[in-house]
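Secondary and tertiary structure notes
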Amino acid sequence: MKSTKTVSCFVSTTGAPNGSERLLAERLRRILQRPSSPLLEIVEKQKVLDFLQDYYKKNGIAPMVRILSKNTGYKLKEVYELFPSGPGKGACKMAGLPKPTGCV
């Protein structure tokens, strides 16, 4: 039988957060507030990779860069910043997809 009770990852199962949980939560909060947080970059990359995989499952090909940019909400420049080797070579490779057609 499933329990409907959910527990936050920063709150112990016994009730109030202990000292180490508070410290972890504070450190994570500070990291996420940085403009160049490595965790944010991972989340941004995963958003692109998830879109690529979903698009490929539906259409059988990788999307063109403009479609990728439009649907993820990232500007073309931001996509190239996330994947310096390019969305065709870098992002598709990381997503486990073949290079898009028309990709040099």
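One structure accompanies this document, and this report is about it. What you see is a predicted model, and the numbers here were worked out from it, not measured in a lab. (Residues numbered from 1 in each chain as written. Predicted model: local features only at pLDDT ≥ 70, side-chain atom pairs only at ≥ 80, totals over all residues. Heavy atoms only, no water.)

On to the side chain of Ser-69. Note that Ser-69 resides in helix H3 (residues 65-72). The class of Ser-69 is buried, set by a relative accessible area of 15%. Filtering out sequence-adjacent residues up to four positions away, Ser-69 remains in contact with Tyr-74, Lys-75 and Leu-76. (Helix = DSSP H or I, 4+ residues; strand = E, 2+ residues; numbered from the N terminus. Buried < 20%, exposed > 50% of the residue type's maximum accessible area, 1.4 Å probe, protein only. Contact = heavy atoms within 4.5 Å.)

The next thing to look at is the nonpolar core. Ranked by size, the top nonpolar core spans 15 residues in total, and within it Val-48, Leu-52, Leu-68 and Phe-83 carry the most contacts. Secondary structure elements with two or more residues in this core: helix H2 (38-59), helix H4 (76-82) and helix H5 (87-95). The element that contributes the greatest number of residues to this core is H2, accounting for five residues. Those residues in contact with Leu-68, other than ones at most four positions away along the chain, are Val-48, Phe-51, Leu-52, Val-79 and Pro-87. (Core = buried A, V, L, I, M, F, W, Y, C linked by side-chain atoms within 4.5 Å.)

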